[in-house]
Amino acid sequence: MEASMQGETSAALELHELQVRAGSRTLLEPTSTTLPAGKITVVVGGSGAGKSVVLRILAGLIPRHDAAIQWSGSITGSQGKPLRRVGIVFQQFALFDELSPLMNVQFAIDHRRDRSKPPEQSAQQWLDELRVPTRTPVAALSGGQKQRLAIARTLAADPEVVLYDEPTSGLDAASGRQVASLIRRTQQTHGRTSVVVTHDYETLLPIADHVLLLDSERRQLVAVDPSDWKSIPERMQPVATEPPTATEPPRLQSLIDISRRGAFDFLDASGSAIVAAVRLPWDAIPRLPRVQWGLRFLTHYLNLVAGPSAWIYLIMAGLIVGFAGTHFTFRYLPFSVYTKPLLIEDLLAAIGFALYRILVPVMATILIAARCGAAVAADVGVKRYGSQVDALQTLGVRPTAYLLVPIIAAFVIGTPLLEWVGFQTAQWISMLTFAINHPQINASFWQVHFHSQLHSESGWFATGAQWVLLKNVACGIGIAAIAYYRGMRPKQSAGDVSDSITATVLWTTLFVLLVHFVVAFLEF
Ligand SMILES: Nc1ncnc2c1ncn2[C@@H]1O[C@H](COP(=O)(O)OP(=O)(O)OP(=O)(O)O)[C@@H](O)[C@H]1O
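Residues numbered from 1 in each chain as written. Predicted model: local features only at pLDDT ≥ 70, side-chain atom pairs only at ≥ 80, totals over all residues. Heavy atoms only, no water.

J.: Explain unusual backbone geometry to me, using residue names and the numbers behind them.
T.: Positive phi, normally seen in glycine, also occurs at Glu166, with a value near 40 degrees. Within the secondary structure layout, Glu166 lies in the loop between β6 (161-165) and α6 (173-190). Using a relative accessible area of 9% as the deciding quantity, one classes Glu166 as buried. Positive phi is not limited to glycine here, since Ser387 has a value of about 65 degrees. Tracing the chain through its elements places Ser387 in the loop between α12 (336-385) and α13 (388-394). (Helix = DSSP H or I, 4+ residues; strand = E, 2+ residues; numbered from the N terminus. Buried < 20%, exposed > 50% of the residue type's maximum accessible area, 1.4 Å probe, protein only.)

Shown next, in the form of structure tokens:
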């Protein structure tokens, strides 16, 4: 009975001639081994032996021809059958901070391996079983509660295999033992094949059914018989770090080296921008696994792009440009006593045209590029650095579905909306400025002449409103794509996240200026 349940819910993990290299170093020579179904396998190894890399390969997070890590061979389920779902409990938990604990688990249930079958239990039952508070925000949970939530989320997605990445790291001995017995208990209750990758053998060997040692000398995964477990400490030698080759002390770098590196950085940035531009139409096809989750992510990004604080930016900017454009045009009109009666109608038309077609669109899109581009690059960068993007992938979701597509949609909706707010403010302050400076003239005079040229026909492409919309949408899509791809680049540190924000601000503002420059040639 137990065997048949395990046969349905879990699978063995079979490695066939798995070979792994990181740069010039071989971490694993071709190795074949089996991690038995429905059991706990503990994988131990010295620091730097390659445990985390192997774990990420098993989770399907490293493509075969990754730039930094290359691997060959194959990974299958029992008897060579393909694995459908490998779950992972990340060392840093990788929870979705913007969702409640209940929603984190519901997300996993809604994206479980086989949606034609009813879920094993409800989100509330998972949280009750693992003793996680339901309504406390994720950020306010304790470390232990976050880990239990991460386990609940992983199991709720119904994986055949569950990987645990250093589950006791940073814990004292007593808390480590509690985590070990939690892993044992959930494994017994749900019968999943479990793989625990750790250097904390003392705490985790007691729950192991099977032990593999990542032997850094032989570069093999070696099964260790229970009678030999006591020899594990001597066999877990830390790997000596290689001497640094990439970075030399700055004083040794010649000016030529620095400029060459700058040129490479520039080419790298522009090269990846071109790759991103080519991939964009494919990545942006809205293939949402669950529409309601797509809408939820859209709401999150709409709030980030066009929330109340963005309105304040655009209102302030509209006030400045609307006031300055109107007040100083009349103030510095030469011989105004004579010229103003002749020119006033045309001047109002010119002010309206300039604000509507050029000044507000340029100013609004630059502000949106800087503020909203940075906000989205930060959001995606943190998700990348905190492994939330990896978590999406192991839950069977392409990150483009719930990140790129909602981000583009948020910018396509948000950019024209914000620009409209900026223009409404600019025209209101223009009318007020004109009325205060010309109390003798009826307000409808400003109304008629300010709007007289806004929607004039211009050449082959429709009216002014459509040109404005075209610029807004083109800028919005470009800002969205740059912020997303910059945020998604691999991140090794918090510094990489901040670099991606800076690069996003630089590239999005440049892109926006380019769009206005190119469209101006067609428009006028
Ligand atoms: N993205 C990467 N690019 C290049 N080399 C990498 C990358 N990730 C890991 N490595 C290299 O692979 C080797 C193994 O790293 P890994 O993090 O898997 O070790 P580990 O066994 O998990 O060690 P620890 O227990 O100390 O975390 C290291 O030499 C590391 O420098």
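Once the structure has been displayed, the description carries forward.
J.: Could you give me a rundown of the site of the ligand, with the residues and numbers involved?
T.: The ligand sits among 15 residues. The nearest are Arg25, Ser47, Gly48, Lys51 and Ser52. Between the ligand and Ala49, the relevant distance is 3.2 Å, taken from an oxygen atom to a main-chain nitrogen or oxygen of the residue. In isolation the ligand has 640 Å² of accessible area, and contact with the protein removes 60% of it. Within the residue set of the shell around the ligand, elements represented by two or more residues are β2 (25-35) and α2 (51-58). Per-element tally for the shell around the ligand: the top contributor is α2, with three residues. Along the lines of polarity and charge, the residues of the shell around the ligand split into six nonpolar, six polar and three charged. (Near = heavy atom within 4 Å. Polar contact = N/O pair within 3.5 Å; in protein donor to acceptor, adjacent residues only side chain to side chain. Areas by Shrake-Rupley, 256 points an atom, 1.4 Å probe, with all protein chains shown as cover. Nonpolar A, V, L, I, M, F, W, Y, C, P; charged D, E, K, R; others polar.)

J.: Quick rundown of the confidence of the model for the chain? Include the residues and the values.
T.: The predicted model of the chain averages 88 in pLDDT, with 90% of residues at 70 or higher. Every residue in residues 1-7 scores below 50 in pLDDT, and together they form five contacts with partners more than four places removed in sequence or on other chains. Reported confidence for the predicted complex is 0.96 by ipTM and 0.87 by pTM. (pLDDT = per-residue confidence, 0-100. Contact = heavy atoms within 4.5 Å.)

J.: Describe the domain arrangement of the chain, listing the residues and the values that go with them.
T.: Examined at the domain level, the chain breaks down into domain 1 (13-235) and domain 2 (274-523). Taking only C-alpha atoms into account, the centre of domain 1 sits 44 Å from that of domain 2. With 23 residues of domain 1 at the contact, the number on the domain 2 side is 20 residues. Summed over the three residues of domain 1 that lose the most area to domain 2, namely Glu98, Phe107 and His111, the buried surface amounts to 30% of that side. On inspection of domain 1 and its partner domain 2, the count reaches six residue pairs in polar contact (both at pLDDT 80 or more). Those elements that place two or more of their residues in the side of domain 1 that touches domain 2 are β5 (86-89) and α3 (101-110). (Domains from an automatic or database assignment. Buried area = accessible area lost by both parts, 1.4 Å probe.)

J.: Got a sec to walk through the side chain of Thr33? Specific residues and values, please.
T.: Tracing the backbone shows Thr33 in strand β2. Exposure remark for Thr33: the relative accessible area of 15% places this residue in the buried category. Setting aside its immediate chain neighbours within four residues, Thr33 contacts Leu13, Glu14, Leu15, Leu212 and Leu221.

J.: Just give me the short version of the packing of α12 against helix α17 (residues 494-523), but keep the residues and values in it.
T.: Packing of α12 against α17 leaves a shortest axis separation of 8 Å and a crossing angle of 150 degrees. Judged on the interaxial angle alone, α17 and α12 are roughly antiparallel. Seen along the crossing, α12 lies across α17 with a hand that is right-handed. (Axes fitted to C-alpha atoms, helices over the stretch in contact; angles between N-to-C directions. Parallel < 35°, antiparallel > 145°, perpendicular 65-115°, else oblique. Left-handed = near helix turned anticlockwise from the far one by under 90°.)

J.: So what about the UniProt feature "transmembrane region" (unreviewed entry) in the chain? Which residues, and what values?
T.: The feature "transmembrane region" (unreviewed entry), as given by UniProt, occupies residues 310-330, 342-359, 402-423, 464-485 and 497-522 in the numbering adopted here. Annotated as 100% helix and 0% strand, the span residues 342-359 places its first and last C-alpha atoms 25 Å apart. Its end C-alpha atoms 37 Å apart, residues 497-522 is made of 100% helix and 0% strand. (UniProt positions renumbered as here; feature names shortened; annotations may be inferred.)

J.: Residues and numbers for the sheet that holds strand β4 (residues 69-76), please.
T.: Strand order in the open sheet made by the three strands is β2-β1-β4, with antiparallel pairing throughout. Looking at the sheet topology across the chains shown, the edges are occupied by β2 and β4. Recorded for the sheet is a direction-independent mean angle of 5 degrees between the axes of neighbouring strands. For strand β1 (residues 13-22) and β2, the ladder comprises seven bridges, and the chain directions are antiparallel. (Pairing = 2+ DSSP bridges.)

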